[in-house]
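Read off the chains here:
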Amino acid sequence: MIDVTAADETSDDARARGNVWRLAAAQALTGANSAVIFATGSIVGATLAPSVSLATVPLSMYVLGLAAGTLPTGAISRAYGRRTAFIVGTCCGTLTGALGAFAILHSSFWLFCGATFLGGLYGAVAQSYRFAAADGASVAFRPKAVSWVMAGGVFAGVLGPQLVQWTMDIWPPYLFAFSFVMQALVALVAMAVLSGVDAPKPAAADLHGGRPLLEIAKQPRFIAAALCGVIAYPMMNLVMTSAPLAMKMCGLTVSDSNFGIQWHIVAMYGPSFFTGSLIARFGAPRIVALGLALEAVAAMIGLSGITAPHFWATLFVLGVGWNFAFVGASALVLETHRPQERNKVQAFNDFLVFGMMAIGSFSSGQLLAHYGWNAVNWVVFPPVLLGLAVLSLASFARRRAKLRALEEIPDPSI
């Protein structure tokens with residue numbers, strides 16, 4: 001029986017590995033979507049918006065799209081399979097580029113906001129790539145599968161900002177218009193890659209099985225995982241979305257901004273080549289704690305100066321911190337549900353994360369415009385401290401539960 005189980009796990013891991021490579025490639029291509037939007041959104045917004053305080057609204061609309069798309073992504077995946085959800089997402093990505101270019105050419109701020117909202121829907125589907133990589137994989141392979149897919153974002157960090165750099169002036173005086181045309185073409189390539197993912201439609205028995213969502217969400221482990229994700233991603237997003245406009249306000253160039261975003265994205269995904277191994281060795285809670293601490297360090301760097309190297313260092317350290325915190329929190333989520341519960345639990349987790357991001361994003365432009373870059377960085381510290389406290393409490397509760405369970409095992413010698 002043990003040999004049969006081991007053989008089944010090996011077979012499942014072989015299928016998972018095949019999916020990992022496609023999903024990692026799709027992560028690289030899909031990451032160009034967010035890279036183009038974050039590198040250009042606040043700058044285009046400042047150009048088209050009726051007020052500079054609305055400059056970051058396009059980025060907030062992207063985050064709103066992320067939040068709005070998480071639960072439908074889970075529902076589509078649950079009913080029709082993950083691959084169908086992936087194709088729907090890439091269709092949204094193609095529309096993002098087409099509508100974004102049209103909005104810039106016709107100087108329409110609200111159409112541009114609609115384009116970035118569609119980009120958020122595309123991004124919501126892309127967030128499920130990391131969970132899809134773990135479907136059917138053995139417990140030992142899951143953190144590595146999640147991490148390796150996230151590593152595809154390294155190439156997005158190169159592709160996205162370079163795409164902007166090479167194309168932003170092709171249609172003068174319409175800055176960035178052709179960048180969105182290219183983004184649409186990249187989304188079509190991602191669609192072709194994802195069409196080969198081996199993700200069968202869920203069995204009928206899996207559609208109605210499992211515990212109620214509220215019961216799962218009450219687990220201390222899930223609360224800690226979701227809260228740390230809710231803190232890690234929105235805090236990173238707050239600083240990242242404000243940075244390009246803050247750099248412009250400090251007299252730095254678009255090239256300086258593109259360089260900072262490029263290395264930020266590389267830092268976000270580069271550690272994924274080894275984050276899974278770190279989680280396997282030290283445990284997800286320790287890696288999450290390290291990531292949150294690095295986000296606080298990034299805010300300290302941001303407070304220390306406003307030169308280009310200060311912004312670059314802030315964005316780089318922020319990216320590494322996000323990787324450890326977010327990949328670790330994702331690994332924690334995988335520990336809280338059964339196979340038949342995965343779509344609803346993963347979608348609910350992402351809804352919490354990106355719903356909070358959406359709320360925070362709409363205030364980022366106001367925060368930067370009225371209180372400055374320093375205020376953006378100061379906001380990071382209280383949530384990070386809260387996350388570290390809750391994570392510590394959840395880990396302590398888990399250790400106590402294990403000790404209690406050991407104490408209840410009868411002594412065979414008696």
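The residue numbers shown here count from 1 along each chain, following its written sequence. Confidence filtering applies because this is a predicted model: local features only for residues at pLDDT of at least 70, side-chain atom pairs given and counted only at 80 or more, and all residues used for totals across whole chains, interfaces and linings. As a rule here, side-chain values cover all heavy atoms of the structure and leave hydrogens and water aside.

Now for empty space enclosed by the protein. Every definition here rests on a 1 Å grid over the protein atoms only: cavities are sets of points where a 1.4 Å probe fits but cannot get out, pockets are open sets enclosed by protein on both sides within 12 Å along at least five of seven lines, and lining residues have some atom within 4 Å of a point. Grid points are joined across faces, edges and corners, and a volume is the space filled by probe spheres set on the points. By the definition in use, this model includes 4 cavities of 30 Å³ or more. The space that makes up the largest cavity amounts to roughly 220 Å³. Lining the largest cavity are 19 residues, with Ser34, Tyr62, Gln127, Tyr233 and Tyr269 sitting closest to its centre. In this description a helix means any DSSP run of H or I spanning at least four residues, a strand means any run of E spanning at least two, and both kinds are numbered starting from the N terminus. Secondary structure elements with two or more residues in the lining of the largest cavity: α1 (2–48), α2 (57–80), α4 (109–127), α10 (220–249) and α11 (254–269). Here the lining of the largest cavity takes 6 residues from α1, the largest share from any one element.

Taken together, the side chains of Phe155, Phe273 and Phe274 define a hydrophobic patch exposed on the protein surface, amounting to about 350 Å² of accessible area. Accessible area is worked out with a 1.4 Å probe on protein chains only. A residue is then buried under 20% of its type maximum, exposed over 50%, and partly exposed in between. Assessed through its relative accessible area of 42%, Phe274 is described here as partly exposed. Here the term patch refers to residues with relative accessible area over 30% and no salt bridge, with like charges joined within 9 Å and nonpolar side chains (Val, Leu, Ile, Met, Phe, Trp, Tyr) within 5 Å. Per-residue and other accessible areas follow the Shrake-Rupley method at a 1.4 Å probe size, with only the shown protein chains counted as cover for residues. The term salt bridge refers to a side-chain nitrogen of Lys or Arg lying within 4 Å of a carboxyl oxygen of Asp or Glu.

Tracing the backbone shows Gly160 in helix α7 (residues 153–167). Separated by 130 residues in the primary sequence, Gly160 and Leu290 place their C-alpha atoms 27 Å from one another. Two residues form a contact once any of their heavy atoms are found within 4.5 Å. Those residues within four positions of Gly160 in sequence are excluded, and the remaining contacts are Ala32, Ala35 and Val36.

Below, the discussion takes up the layout of surface pockets. Left-over empty space is what a probe sized like a water molecule reveals as it rolls over the atoms. Here the largest pocket defines a volume of roughly 560 Å³. In terms of lining, the largest pocket is formed by 21 residues, of which the most central are Arg221, Gly283, Ala284, Pro285 and Glu335. Elements with a minimum of two residues in the lining of the largest pocket: α6 (142–151), α12 (272–282), α13 (284–304), α14 (308–334) and α17 (381–408). Among the elements that make up the lining of the largest pocket, the one with the highest residue count is α17 (6 residues).

Right, let's get into the confidence of the model for the protein. pLDDT is a per-residue confidence score from the predictor, ranging from 0 to 100. Residues with a pLDDT of 70 or more make up 91% of the protein, whose mean pLDDT is 85. This stretch, residues 1–8, has a pLDDT under 50; its non-local contacts, to residues over four places away or in other chains, come to 0 contacts.

Here we come to the pattern of salt bridges. Considering all chains together, one arrives at 4 salt bridges under this definition. Arg211 is the partner of Glu341 in a salt bridge, and the nearest nitrogen-oxygen pair spans 2.9 Å. Residue Glu341 is located in the loop between α14 and α15 (342–371), and its partner Arg211 is located in the loop between α8 (177–194) and α9 (213–217); the two are separated by 130 residues in the primary sequence. Across this residue pair, the class does not change: Glu341 and Arg211 are buried. When salt bridges that share partners are traced, they join Arg211, Arg338 and Glu341 into one network.

Turning to α2, a few remarks are in order. Working rule for helices: expected span equals 1.5 Å times residues minus one. With 24 residues, α2 extends 33 Å from end C-alpha to end C-alpha; this agrees with the ideal 34 Å at 1.5 Å per step. The bend at a residue is defined as the angle formed between two axes, one fitted to the seven residues ending at that residue and one fitted to the seven starting there. For α2, the principal kink sits at Gly69 and spans about 35°; a proline, Pro72, occurs within the next four residues. Trailing α2 by a residue or two, Gly81 shows a phi angle of about 100°, which is positive.

Note on terminology: a nonpolar core comprises buried Ala, Val, Leu, Ile, Met, Phe, Trp, Tyr and Cys residues joined through side-chain atoms within 4.5 Å. Grouped together as the largest cluster of nonpolar side chains are 126 residues, with contacts concentrated most on Leu23, Phe86, Tyr129, Tyr233, Leu292, Trp322 and Trp373. Per-element accounting of this core gives the leading share, 18 residues, to α10. Not counting chain neighbours up to four residues away, the residues in contact with Trp373 comprise Val239, Ser242, Ala243, Ala246, Gly302, Ile306, Phe311, Thr314 and Leu368.

As a further point, take the side chain of Arg221. If you trace the backbone, Arg221 turns up in helix α10. With a relative accessible area of 15%, Arg221 lands in the buried category. Counted as a polar contact is a pair of N or O atoms within 3.5 Å, where, for protein atoms, one must be capable of donating a hydrogen and the other of accepting one, and residues adjacent in sequence contribute only when both atoms are in side chains. Here the side chain of Arg221 touches Glu335 through a polar contact of 3.1 Å, side chain to side chain. Beyond its immediate stretch of four places on either side in the chain, Arg221 contacts Pro285, Leu332, Glu335, Thr336 and Arg398.

Here an angle of 0 to 180 degrees is reported between the N-to-C directions of two axes, which are lines fitted to C-alpha atoms, with helices fitted over the stretch in contact. At a closest axis distance of 7 Å, the pairing of α7 and α11 adopts a crossing angle of 165°. When the axes of α7 and α11 are compared, the pair comes out roughly antiparallel. For the pair α7 and α11, the sense of crossing is right-handed. Seen from α7, the contacting residues are Gly153, Val154, Ala156, Gly157, Val158, Pro161, Gln162, Val164 and Gln165; seen from α11, they are Ser255, Asn258, Ile261, Gln262, Ile265, Val266 and Tyr269. Across the contact of α7 with α11, the residue classes break down as 9 nonpolar, 7 polar and no charged. Any angle between 65 and 115 degrees counts as roughly perpendicular, while under 35 counts as roughly parallel, over 145 as roughly antiparallel, and the rest as oblique. Crossing handedness is defined as follows: a turn of the near helix away from the far one that is anticlockwise and smaller than a right angle gives a left-handed crossing, while the clockwise case is right-handed. Note that Gly is not counted as nonpolar here; it falls among the polar residues with everything else outside the nonpolar set of Ala, Val, Leu, Ile, Met, Phe, Trp, Tyr, Cys and Pro and the charged set of Asp, Glu, Lys and Arg.

Let us look at the environment of Asn237. By the secondary structure assignment, Asn237 is in helix α10. Judged by its relative accessible area of 1%, Asn237 is buried. In the structure, Asn237 is positioned 155 residues away from Arg82 in sequence and 26 Å away in space, judged by C-alpha atoms.

Okay, α6 next. Counting buried residues along α6, 7 of its 10 residues qualify, which places the element largely inside the surrounding structure. Of all the residues in α6, the buried ones are Pro143, Ala145, Val146, Ser147, Val149, Met150 and Ala151.

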